[in-house]
Amino acid sequence: MVMAWQPQQEPLGQLSGCLKDSLSGHNKTAQKQAEIMLAQAKSSPDINNYLTYLFSSSQVPPGLSYTPEEYHAVRSAAAVMLKNNIRTGYKSIPPESLALVRQSVPLALQDKNQTIRSYAGNVITEIVNRGGILGWPELLPELLALVGNDTGVVSPEAQEGAMSALGKVCEDNKKMLDKDYQGQRPLAYIIPKLISFTANEKPRIRSLALASINVFIPQKPQALLVSLDDLLNRLFQLANDTSSDVRRQVCRAFVQIVEIRPDKILPHISGLVDYMIAQQRKIEDEELACDAAEFWLTVGEHSELWKSLGPYLNKIIPVLLESMVYSEEDIAMLEGGGDDADEEDRAEDIKPKFAKNKSARTLANGEEVDENGQNGGSYAKLSGMEEDDDDLDEGEIEEFDDDDDGNPEDRWNLRKCSAAALDVFATDFRGPVFETILPYLMTNLKHPEWPYREAAVLALGAVAEGCIDVVTPHLPDLVPYLISLLNDPEALVRQITCWTLGRYSAWGAGLSTPALRAQFFEPMMEGILTKMLDSNKRVQEAGASAFAHLEEKAGTTITPYCEPIIRQFVRCFEKYKDRNMFILYDCVQTLAENVGHGLAQPQLIELLMPALIHRWHKVSDQSRELFPLLECLSYVANALAESFAPFAQPVFTRCITIIRQNLEEYVAAVNNPILDTPDKDFLVTSLDLLSAIIQALDGKQSAALVSGSQPRLFELLQFCMEDPENDVRQSSYALLGDCAKYVFPQLAPFLATLLPILIQQLDLDSIIDEQIETGFSVVNNACWSAGEISIQHGKSMAPYVEQLLHRFLEILGNPEVPKSVLENAAIALGRLGLENSGIMAPHLASFSEPFLKSINTVEFTSEKATAFKGFCLIVVSNPQAMEKDLGRLCTAIARYKMEEAFKTPLTADLQQLFQHTLDLYKSLIPEFSPYIGSLISAADLNNLRTVYNL
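None of these values were measured; they are calculated from a predicted model.

Caption draft 1: Looking closely at the packing of helix H4 (residues 68–89) against helix H6 (residues 114–131). At their nearest, the axes of H4 and H6 sit 9 Å apart, and the two run at 10 degrees to each other. When the axis of H4 is compared with that of H6, the two are roughly parallel. Here His72, Arg75, Ser76, Ala79, Val80, Leu82, Lys83, Ile86 and Arg87 of H4 lie close against H6, whose contacting residues are Thr115, Ile116, Tyr119, Asn122, Val123, Glu126, Ile127 and Arg130. In terms of residue class, the contact of H4 with H6 is made up of 8 nonpolar, 4 polar and 5 charged.

Right, dumping it as structure tokens:
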């Protein structure tokens with residue numbers, strides 16, 4: 001094929017040289033220089049033509065002299081740059097350039113080198129992601145024809161390259177391929193082809209085809225459901241395939257079908273149990289074994305299927321137990337961790353820690369979600385852990401990826417998956433599971449070889465929650481033995497024992513008498529605390545993690561032990577290396593959260609605060625350790641309340657500085673692509689800590705801090721409220737609401753700027769599908785802050801009432817919106833009526849029903865009381881508008897519990913207002929009592945008679 005466009009020699013030489021140098025890990029200067037040159041070259045109109053030419057030419061072009069290795073590097077760098085240009089600037093690429101890319105890149109699918117074929121797939125996928133299926137209509141038929149070898153002359157490499165590219169397109173465009181294009185859905189054509197490709201003689205094509213089908217199963221497209229029987233037949237034929245990659249995909253397919261059509265799995269459960277057991281026992285291929293073990297987890301968690309495994313427990317559980325013993329490879333990697341507590345951590349040992357978001361205002365009902373899935377983290381599966389879900393495509397990270405397996409403790413593996421499955425079975429079947437493992441525990445808890453001791457302790461911990469009733473009679477014997485294992489010579493046994501003791505800490509904390517707590521709970525607590533200073537860093541980490549779990553389970557019962565606990569924490573602050581410092585902050589904040597104001601005793605403050613302030617001075621503004629430290633201080637500030645005052649000024653000032661720096665770096669990065677975008681977690685944790693300080697101090701002190709901040713807090717907050725990241729906006733609106741509550745006079749002058757931004761945020765159309773959950777959290781906090789501002793700003797809200805009302809109605813009328821957001825929108829709407837009932841009254845008929853429905857599920861808090869008061873003031877201004885909803889309103893009044901309302905001056909008159917509302921209707925409607933009796937229940941009518949003299 002002759003390209004119409006031809007490169008010029010000089011720019012081709014310069015560009016290829018820069019591309020080669022950009023990958024030069026050895027010569028940093030040349031690398032930096034090359035990056036700058038490439039960033040400048042980006043703006044050249046022909047850049048993508050040159051990149052395409054280099055990438056798709058399999059031989060070194062005339063006039064260039066590179067070794068095969070060097071030219072491979074040039075092509076690889078060209079592919080990555082081309083993909084990134086398409087990702088970031090697709091719309092600005094000239095049509096003739098795009099045509100050249102579409103024409104040339106598929107040639108690279110036939111390259112002899114697998115990495116180059118893989119890069120070609122990445123570029124193709126990126127074009128489809130940006131330009132849509134219709135932007136390149138010939139692509140899918142072309143790929144399918146290559147894989148199917150329709151012409152009979154396609155090379156095996158090209159077949160495989162095309163299948164790999166097709167797989168990537170499928171993975172990145174699941175929804176797009178199932179859309180209707182002029183009466184046709186691409187999937188209706190693709191799925192039957194993929195099923196036929198699973199019979200290809202090349203194992204790699206069979207496994208890639210099956211992997212592509214697996215991408216679609218969870219979203220239940222019609223094209224797949226009609227072919228499901230064909231697919232099941234293929235799966236049974238492939239079940240004993242010679243390729244373990246194919247069998248892995250078979251296991252994955254069965255696991256996914258469990259979720260969408262359990263009825264198709266149920267008739268085959270007996271055969272599937274035997275099959276998965278056989279695959280799980282192939283421990284020489286751990287990924288295959290792990291995919292098989294996922295079957296137990298998925299079926300065990302499925303409401304319609306879990307019972308079907310009951311008859312096979314005595315077959316499955318022994319396999320789970322044997323899979324929980326460390327493999328020889330794992331032992332080789334882990335053993336001899338020994339006494340490393342004094343060694344510094346390597347940079348790669350320190351896991352990136354992401355700011356946890358504590359600032360979602362679940363105010364309406366105050367329910368919080370347990371982030372650790374309750375299991376204390378020993379086998380928590382992180383989202384995305386099983387799939388590569390970051391922005392790097394296959395082949396793009398080779399230069400850094402030298403530590404492929406990493407530590408077996410840090411990845412999802414067969415051992416963790418089996419333990420998690422045992423946990424699920426314990427919850428499902430309870431007693432019988434413990435009876436099945438009891439003989440195993442008796443044999444192995446005291447086994448002379450440590451890997452068997454360790455696995456037995458893991459098994460005992462795994463059944464802690466599901467089997468607690470049947471385990472409890474054994475705990476007075478088991479717990480002292482576990483405490484003795486905290487001194488086991490093998491660090492891995494000490495590590496797992498910490499975790500298991502943490503899992504039983506709720507039992508210890510719940511013991512009924514001081515004598516029993518002294519006998520079991522105190523030694524348990526002391527044992528885990530001691531392990532926080534073990535000579536091995538992994539044991540320290542397990543001890544700290546278990547102790548945080550114990551604090552959570554013990555709640556306020558831990559208050560009397562605060563002093564020895566904090567003394568140990570302070571020792572840990574002196575001794576810990578960087579990695580474990582992160583989890584130590586978690587221990588401190590969990591203590592603050594559970595003990596609350598009990599922490600505000602002078603001797604405790606004198607112990608804890610110097611240690612925290614010492615870290616505070618030591619950690620730089622750029623360090624990732626700042627996230628957990630700021631988060632921890634937020635909890636401590638909440639617990640200490642006004643006792644935090646002596647520490648507040650420098651902390652507040654530094655947060656303002658961090659926010660300012662981060663915003664400035666962000667603006668700089670937007671304007672200059674060479675600069676890195678700053679980490680937004682610095683913003684999130686700083687905003688959350690400002691919120692905590694403003695809540696903790698008395699009003700005067702908070703006001704002084706806000707007034708004195710340089711630059712001014714609300715000028716920074718304005719930028720944060722418009723930040724592109726949901727997490728930043730979520731924390732921004734939490735801070736805005738707190739400022740309305742505690743420092744309103746300082747906030748008021750800025751509201752003319754901030755309220756229009758808030759109103760814009762309430763637009764549900766601004767939520768992106770991929771980020772729907774965090775998008776709703778932002779709207780939730782924006783609603784909450786709007787309600788807090790309405791209470792303080794009163795009649796001055798008048799210019800915004802119409803717009804806010806419109807937004808709240810859209811939220812209340814949308815069936816997709818989560819309950820907590822509906823509740824916060826209803827509360828905000830009601831509060832808006834406190835001082836603006838006259839403006840809202842004409843619209844009452846449009847919002848009375850959604851308001852009463854959503855507010856109905858809110859508990860009887862002061863928030864609900866303020867919202868109801870505002871709503872009744874609107875009703876009194878336009879009583880006729882309630883015609884269709886009067887029964888609903890009277891029911892709400894009859895059932896209203898007043899305790900909280902009486903506590904707040906603003907709502908102390910709520911009962912009188914209800915009385916006034918009912919009296920008004922009595923005067924408007926003749927024979928009111930029998931009329932209302934026909935709309936509400938007898939019990940509610942009786943309540944109205946008793947309380948309001950109907």
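Next comes the rest of the write-up.
Caption draft 2: Region of the structure containing the packing of aromatic side chains. For the structure on display, the rule yields 21 aromatic pairs. Taking 6.4 Å as the distance between ring centres and 65 degrees as the angle between the ring planes, the aromatic pair formed by Phe847 and Phe871 counts as edge-to-face. Linking Phe847 in helix H42 (residues 844–856) with Phe871 in helix H43 (residues 862–877), this pair joins segments that are 24 residues apart in sequence. Residue Phe847 shares its accessibility class with Phe871, and that shared class is buried. Seen in terms of ring centroids, Tyr896 and Phe914 are 5.5 Å apart; in terms of plane orientation they differ by 70 degrees. Their pairing is edge-to-face. Residue Tyr896 is found in the loop between helix H44 (886–894) and helix H45 (899–903), and its partner Phe914 is found in helix H46 (residues 910–924); the two are separated by 18 residues along the sequence. Neither residue differs from the other here; Tyr896 and Phe914 are each classed as buried. Members of the aromatic cluster, connected to one another through ring pairs, are Phe847, Phe851, Phe860, Phe868, Phe871, Tyr896 and Phe914. In this arrangement the basic side chain of Lys446 is found over the ring face of Tyr481, its NZ or CZ atom lying 4.8 Å from the centre. Positioned above the aromatic ring of Tyr666 is the side chain of Lys680, whose terminal nitrogen or guanidinium carbon lies 3.9 Å from the ring centre.

Caption draft 3: Layout of unusual backbone geometry. A cis amide bond, omega -10 degrees, links Gln710 with the succeeding residue Pro711. Take Pro711: it is sitting in the loop between helix H34 (699–707) and helix H35 (713–721). In this structure, Glu927 is a non-glycine residue whose phi angle is positive, near 55 degrees. As for its position among the elements, Glu927 is in the loop between H46 and helix H47 (928–933).

Caption draft 4: Highlighting the nonpolar core. Counting residues in each nonpolar core, the largest one holds 332 residues, and the members touching the most others are Phe295, Trp296, Leu422 and Leu612. If near-sequence neighbours (up to four positions away) are discounted, Leu612 is found in contact with Phe573, Tyr585, Val588, Leu629, Cys632, Leu633 and Val636.

Basis of the calculations
- Residues numbered from 1 in each chain as written.
- Predicted model: local features only at pLDDT ≥ 70, side-chain atom pairs only at ≥ 80, totals over all residues.
- Heavy atoms only, no water.
- Axes fitted to C-alpha atoms, helices over the stretch in contact; angles between N-to-C directions.
- Helix = DSSP H or I, 4+ residues; strand = E, 2+ residues; numbered from the N terminus.
- Parallel < 35°, antiparallel > 145°, perpendicular 65-115°, else oblique.
- Contact = heavy atoms within 4.5 Å.
- Nonpolar A, V, L, I, M, F, W, Y, C, P; charged D, E, K, R; others polar.
- Phe/Tyr/Trp six-rings, centres within 6.5 Å; stacked < 30°, edge-to-face > 60°.
- Buried < 20%, exposed > 50% of the residue type's maximum accessible area, 1.4 Å probe, protein only.
- Lys NZ or Arg CZ within 6 Å of the ring centre and 35° of its normal.
- Core = buried A, V, L, I, M, F, W, Y, C linked by side-chain atoms within 4.5 Å.

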